[in-house]
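# Results of the structural survey
If you want the building blocks of each chain, they are given just below.
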Amino acid sequence: MFTGIIEELAHIRHIRLLADSAQLSIEAHSILDGTQIGDSIAVNGVCLTVTSLASSEFTADIMLETLTCTTLKDLKPRAPVNLERAMTLQTRLGGHFVSGHIDGIGAITTIRQAGIAKVFEITAPPHIAGMIVPKGSIAVDGISLTVVSALPHSFTISLIPHTLSQTTLAHKPIGSTVNLETDILGKYVARFITPASHPVGTHQYESPGSMPHNTTHAKTQDPLTRDFLGKHGYL
């Protein structure tokens, strides 16, 4: 788990693309303090495992599923990347709960100045757009951000100068793609309020990485309505 508070803006030293996988070598400094082989580091919001360490770099393997569903496949040497180590029980939770499991890819469509901040509009695939709410949380390239507005096919975020200076968004022009991860709490709520017409265990949730079909349980689920909550003592 991560918080979405970026610890270091680092750079790709080398990327080795294979037929169905890849290996990243990332030049880093402060992020390596206390890091060990096997630790998790979010790279542009993607949870990766450290496979080797040196004094100023680490490497991580990327499997085919991750290459397919994220922007990591588009990285080039010297490209900037956001880095964050996995949170600990002593970590200040300054952002929100971020799993490092990307839901999909968006694209920056507009960037405008609004006072001291810059407002980005980013497209979102349908299964992601439906999970985004105004003033809710979203991770963009691993950065914990607050949604300004939620539109049918996009959303907006506003970044203060500090966030821009410490993350990759300062280097991304209009048309750039970004990794998107919606609020994990919202995903579970959406799953719990699945209409009763869908049997539990057989409903196929639209989000990538959803649970596979399971036809061994045919029990239906009551919809999570106000009447249901009142009946069970929650109201």
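See the structure printed just above.
Residues numbered from 1 in each chain as written. Predicted model: local features only at pLDDT ≥ 70, side-chain atom pairs only at ≥ 80, totals over all residues. Heavy atoms only, no water.

### A few points about the environment of Val 81
Our working definition: Numbering of helices and strands runs from the N terminus, with a helix taken as a DSSP run of H or I at least four residues long and a strand as a DSSP run of E at least two residues long. Buried residues are those whose accessible area, probed at 1.4 Å on protein chains only, stays under 20% of the maximum for their type, while exposed residues exceed 50% and partly exposed ones sit between those limits. In what follows, residue pairs with any heavy atoms lying within 4.5 Å of each other are defined as contacts.
Tracing the sequence through the fold places Val 81 in strand E6 (residues 80-85). Take Val 81: its relative accessible area is 0%, and that puts it in the buried class. Taking C-alpha positions, Val 81 is 9.7 Å from Gly 142, a pair spaced 61 residues apart along the chain. Discounting residues that sit within four places of it in the chain, Val 81 has contacts with Glu 8, Leu 9, Ala 10, His 11, Ile 12, Ile 26, Val 43, Asn 44, Leu 75 and Thr 168.

### Description of the packing of aromatic side chains
Operational definition: Each Phe, Tyr or Trp ring, with Trp reduced to its six-membered ring, pairs with another whose centre is within 6.5 Å; inter-plane angles below 30 degrees give stacked pairs, above 60 give edge-to-face pairs, and intermediate values give tilted ones.
Summed over the entire model, instances satisfying the criterion amount to 1 aromatic pair. Each ring, one from Tyr 188 and one from Phe 192, has its centre 6.3 Å from the other, and the planes form 40 degrees; the classification is tilted. Taken together, the positions of Tyr 188 and Phe 192, both in helix H4 (residues 184-192) and 4 residues apart, correspond to about one turn of that helix.

### Here's the deal with the pairing of strand E3 (residues 40-43)
To be explicit about the condition: Two strands pair under a simple rule: DSSP has to find at least two bridges between them.
Relative to strand E4 (residues 46-54), E3 runs antiparallel, the two sharing 4 bridges. Across the sheet, the residue bridging to Val 43 is Val 46, located in E4. Hairpin connection from E3 to E4: 2 residues lie between these consecutive antiparallel strands, with Asn 44 at a positive phi of about 50 degrees. As judged from the 3 bridges shared by E3 and E6, these two strands associate in the antiparallel manner. Across the sheet, Val 43 pairs through a bridge with Leu 83, a residue of E6.

### Observations regarding the nonpolar core
Just so we agree on the cut-off: Put simply, buried Ala, Val, Leu, Ile, Met, Phe, Trp, Tyr and Cys residues joined by side-chain atoms within 4.5 Å make one nonpolar core.
Leu 24, Ile 26, Val 43, Phe 58 and Leu 83 are the most contacted members of the largest nonpolar core, which totals 24 residues. Setting aside its immediate chain neighbours within four residues, Leu 83 contacts Ile 6, Glu 7, Glu 8, Ala 10, Ile 26, Ala 28, Ile 31, Ile 41, Ala 42, Val 43 and Phe 58. The next biggest cluster of nonpolar side chains, apart from the first, holds 20 residues, and it includes Phe 120, Val 140, Leu 145 and Leu 164.

### Remarks on a nonpolar patch on the surface
Inclusion rule: Any residue with relative accessible area above 30% and no salt bridge may belong to a patch, with like charges joined within 9 Å and the nonpolar Val, Leu, Ile, Met, Phe, Trp and Tyr side chains within 5 Å. Areas reported as accessible are Shrake-Rupley estimates using a 1.4 Å probe. Residue values count occlusion only from the protein chains shown. Throughout this description, the term salt bridge denotes a Lys or Arg side-chain nitrogen within 4 Å of a carboxyl oxygen of Asp or Glu.
Nonpolar side chains collect at one region of the surface, where Met 1, Leu 93, Phe 97 and Leu 185 lie side by side and expose about 370 Å² of accessible area between them. Of note, Leu 93 is situated in the loop between E6 and strand E7 (104-114).

### Examining the pairing of strand E8 (residues 117-123)
Across 6 bridges, E7 lies against E8 in antiparallel orientation. By the bridge assignment for E8, Gln 113 is matched with Lys 118. Linking E7 to E8, which pair antiparallel, is a turn of 2 residues; within it Gly 115 sits at a positive phi near 70 degrees.

### A closer look at the pattern of salt bridges
This structure, assessed with the given rule, holds 6 salt bridges. Close ionic contact of Glu 57 with Arg 13 constitutes a salt bridge, the shortest N to O distance being 2.6 Å. Separated by 44 residues along the polypeptide, Glu 57 in strand E5 (residues 57-63) and Arg 13 in strand E1 (residues 8-17) bring together distant segments of the chain. Look at Arg 13 and you get partly exposed, because its relative accessible area is 34%. Between Arg 78 and Glu 27 there is a salt bridge; the shortest N-O distance is 3.0 Å.

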